[in-house]
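Below, each chain spelled out in residue letters.
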Amino acid sequence: MLQPLLLSSLLQRAARHAGDVEIVSRRVEGDIHRYTYADCHARAMQLANALTACGIQPGDRIGTLAWNGYRHMELYYGVAGIGAVCHTINPRLFPDQIAYIINHAGDRTLCFDSSFLALVEQVAPMCPQVQNWIMLCDDTACPATFKVPLQSYETFIGGHPQQFTWPIFDEREAAVLCYTSGTTGDPKGVLYSHRSLSLMAYASAMPDAFNLSANDAIAPVVPMFHVNAWGLPFSAALTGAKLVMPGPKLDADSLFELFEQERVTFTAGVPTIWLGLADYMRRTGKRTEVPMRAVVGGAACSPQLATSLRNCGITAIHARGMTEMSPLGTVCSPSRTYADLPADDRARVEAKQGRAIAGIDLKVVGANGEELPWDGQSAGDLMARGHWVIDRYFGADKCALQDGWLPTGDVATIDVNGCMQITDRSKDIIKSGGEWISSIELEGIALMHPEITMAACIACEHPKWDERPLLIAVRRPDSTLTAPELLAFYGGRVAKWWIPDDVVFVSELPLTATGKLQKLALRQRFSQHFVELVHLSRTPAG
Ligand code: ADP
């Protein structure tokens, strides 16, 4: 039987086979909303009727500016289910970037949470082709007069039947559109098909990946506007797991309360979120009653973070992805190869980004494109291919691949067990006297220091060595740690010539819209540090 892989079938299955399982959402309004997969399916069908009635055609893009919540879930399935494209937009971007993305995608309908009303006010004049502005609320919360005509979501879907026959179409049709965060140049669109998202949902649920089941209560902290919350709204429906949506409240206190109240077993987010939660749990001594697994991705999970989480009863699962890979590529799941290792060695393995999940293939290549050995030492450009990897950006003429593989922009090693470790972003690597220094490794060592909470290492122009590492770090509030003390901490941990030439302490580090270190901003501010200081007291020894 040939049945196309369509997202509507995931929700349909959840409604039929896990119809009474809950989807719990903390709403922008502050309260907790509860309903079931059966309710979600009924309302997604109601939305599908409303969209069809207002003339939305297959292939049309519908923008969303929304937190994780049940209405966003209905949009995911209702929009994609009729063959239209759910275009999730990151509200943390600058308004003109958001307008660029809306215009580039050709969105004519935009659905947004009430907390983004002021943002919409700024963006709307720059997006004249948007005809429908829909606020995700009921009529009472919708302002009567506004810069552009508004309607509430509840009014939009209200009155339409909750029965709909999901159309059957080619599984290669587009379902979701997401833009990269554009830290270099304009944001680029990445279009996901029903087939690619369905296959990733299956693969990510497998035991050596996220190991999801109907017994789980999944709380995606990673936003639904950041690469589909790493596919969790799909894999949760697929497995019939309970879904817990944190809405806009991502502070440690609110997350802990929600996890505890809803007995969450599985969650996912960037390291910044988990650093905050681990710190909160350490300070308050609070523990969740239920053991939890937390996927740490988007940036490296340091051994210190994994240990801090473990001390709180949370198992860190290190994973690596990228927008262009839907996003999931590797998961560092426990394997029999590592199980018997001493704790220190195991921690070193757990700091790796892991093995390619089924459906993804990886390789590292040298300067001439030759494949490098899987020896855990040879670092080269990481290349990927697989069922949910792009071949070109949305609207681009040019294919993004090289010989059938996507260059990821990461520099990595792969060990004999197929376990991949990112050693740097190719644009962040520090080239000192013709040799490469890994900025990530230097940051990792700084974070091992008990008085350092955040660290970024960047290449600074240097009159003699072309580039030298500069460490920019945030100390604990009460710390009096000095730069020489921190640099001494590197002794014996890396080759002498890798040790940063200087440290600048700052009160906070800039983060991108997806919560990662914004190294571009740091480079702009500090790239002339050594030239300005003519700080040559310590030079590379090797
Ligand atoms: P952007 O590239 O705009 O930051 P993505 O979310 O697509 O947006 O980021 C992908 C990149 O994030 C990867 O290429 C990699 O450099 C980094 N990344 C993702 N997960 C990890 C991880 N577990 N460890 C280290 N880096 C990671």
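Bear in mind that the values here come from a model prediction, so they are computed numbers and not experimental data.

(A) Region of the structure containing helix 16 (residues 519-526). Among the residues making up helix 16, those that are buried are Lys 519, Leu 522, Arg 523 and Phe 526. The arc that holds the buried residues of helix 16, viewed along the axis, is 100 degrees, so those residues lie on one side. In this structure, helix 16 carries Gln 524 and Arg 525 as exposed residues pointing more than 90 degrees from its buried face.

(B) Examining the sheet that holds strand 6 (residues 132-135) more closely. Strand order in the open sheet formed by seven strands is 7-6-5-3-4-8-9, and the pairing between neighbours is mixed. Looking at which strands have only one partner, the edges of the open sheet turn out to be strand 7 (150-152) and strand 9 (189-193). Averaged over all pairs of adjacent strands, the angle between strand axes in this sheet comes to 25 degrees, irrespective of strand direction. Sheet topology places strand 3 (residues 61-65) next to strand 4 (residues 85-88); four bridges connect them, and they run parallel. Pairing of Arg 61 across the sheet is with Val 85, part of strand 4.

(C) Spatial organisation of the pattern of salt bridges. If you walk through the whole model with that rule in mind, you get 28 salt bridges. Where Arg 26 meets Glu 257, a salt bridge forms, and the shortest distance between an N and an O atom there is 2.8 Å. With Arg 26 in strand 1 (residues 22-26) and Glu 257 in helix 9 (residues 252-262), this pair connects stretches of sequence that are 231 residues apart. Residue Arg 26 is classed as buried on the basis of its relative accessible area of 6%.

(D) Focus on the domain arrangement of the chain. Split into domains, the chain comes out as domain 1 (18-193) and domain 2 (430-538). On the domain 2 side, the residues contacting the five residues of domain 1 number four residues. Summing the contributions of domain 1 and of domain 2, the shared interface buries around 380 Å²; its carbon and sulfur component is 62%. Here domain 1 is connected to domain 2 by zero salt bridges. On the surface where domain 1 and domain 2 come into contact, there are zero residue pairs in polar contact (both at pLDDT 80 or more). Looking at the side of domain 1 that touches domain 2, its residues break down into one nonpolar, three polar and one charged.

(E) Looking closely at the site of the ligand. Every one of the 17 residues lining the ligand counts as a neighbour, but Ser 181, Thr 323, Asp 410, Arg 425 and Lys 516 are closest to it. For the ligand, an oxygen atom lies 3.2 Å from a polar atom in the side chain of His 226. The fraction of the free accessible surface of the ligand (560 Å²) that becomes covered by protein chains is 90%. No other element matches the four residues that strand 14 (residues 314-321) contributes to the shell around the ligand.

(F) View of the nonpolar core. Among the nonpolar cores identified, the biggest contains 147 residues, and Tyr 37, Tyr 77 and Trp 274 are the most heavily contacted of them. Membership of the second largest hydrophobic core comes to 22 residues, among which are Ile 452, Leu 471, Ala 473 and Leu 481.

(G) Examining unusual backbone geometry more closely. In this structure, Pro 327 follows Ser 326 across a cis peptide bond, with omega equal to 5 degrees. If you check the backbone angles, Asn 228 has positive phi at about 50 degrees while not being a glycine. With respect to the secondary-structure elements, Asn 228 resides in the loop between strand 10 (217-220) and helix 8 (232-239). Unusually for a residue other than glycine, Ser 326 sits at a positive phi of about 70 degrees. Within the fold, Ser 326 resides in the loop between strand 14 and strand 15 (328-331). Taking the relative accessible area as the measure of exposure, Ser 326 reaches 1% and is therefore buried.

(H) Structural detail: empty space enclosed by the protein. Scanning the model with the defined rule gives one cavity of 30 Å³ or more in all. What lines the largest cavity is a set of 16 residues, among which Arg 27, Val 28, Gly 69, Tyr 70 and Asp 113 lie closest to the centre. When contributions to the lining of the largest cavity are tallied by element, the ones reaching two or more residues are strand 1 and helix 3 (70-81). For the lining of the largest cavity, the element with the most residues is helix 3, which contributes three residues. Classifying every residue of the lining of the largest cavity gives six nonpolar, five polar and five charged.

Calculation criteria
- Residues numbered from 1 in each chain as written.
- Predicted model: local features only at pLDDT ≥ 70, side-chain atom pairs only at ≥ 80, totals over all residues.
- Heavy atoms only, no water.
- Buried < 20%, exposed > 50% of the residue type's maximum accessible area, 1.4 Å probe, protein only.
- Helix = DSSP H or I, 4+ residues; strand = E, 2+ residues; numbered from the N terminus.
- Arc of directions from axis to C-beta.
- Pairing = 2+ DSSP bridges.
- Axes fitted to C-alpha atoms, helices over the stretch in contact; angles between N-to-C directions.
- Salt bridge = Lys/Arg side-chain N within 4 Å of Asp/Glu carboxyl O.
- Domains from an automatic or database assignment.
- Contact = heavy atoms within 4.5 Å.
- Buried area = accessible area lost by both parts, 1.4 Å probe.
- Polar contact = N/O pair within 3.5 Å; in protein donor to acceptor, adjacent residues only side chain to side chain.
- Nonpolar A, V, L, I, M, F, W, Y, C, P; charged D, E, K, R; others polar.
- Near = heavy atom within 4 Å.
- Areas by Shrake-Rupley, 256 points an atom, 1.4 Å probe, with all protein chains shown as cover.
- Core = buried A, V, L, I, M, F, W, Y, C linked by side-chain atoms within 4.5 Å.
- 1 Å grid on protein atoms, 1.4 Å probe; cavity = no way out; pocket = protein on both sides within 12 Å on 5 of 7 lines; lining within 4 Å.
- Points joined across faces, edges and corners; volume = space filled by probe spheres on them.

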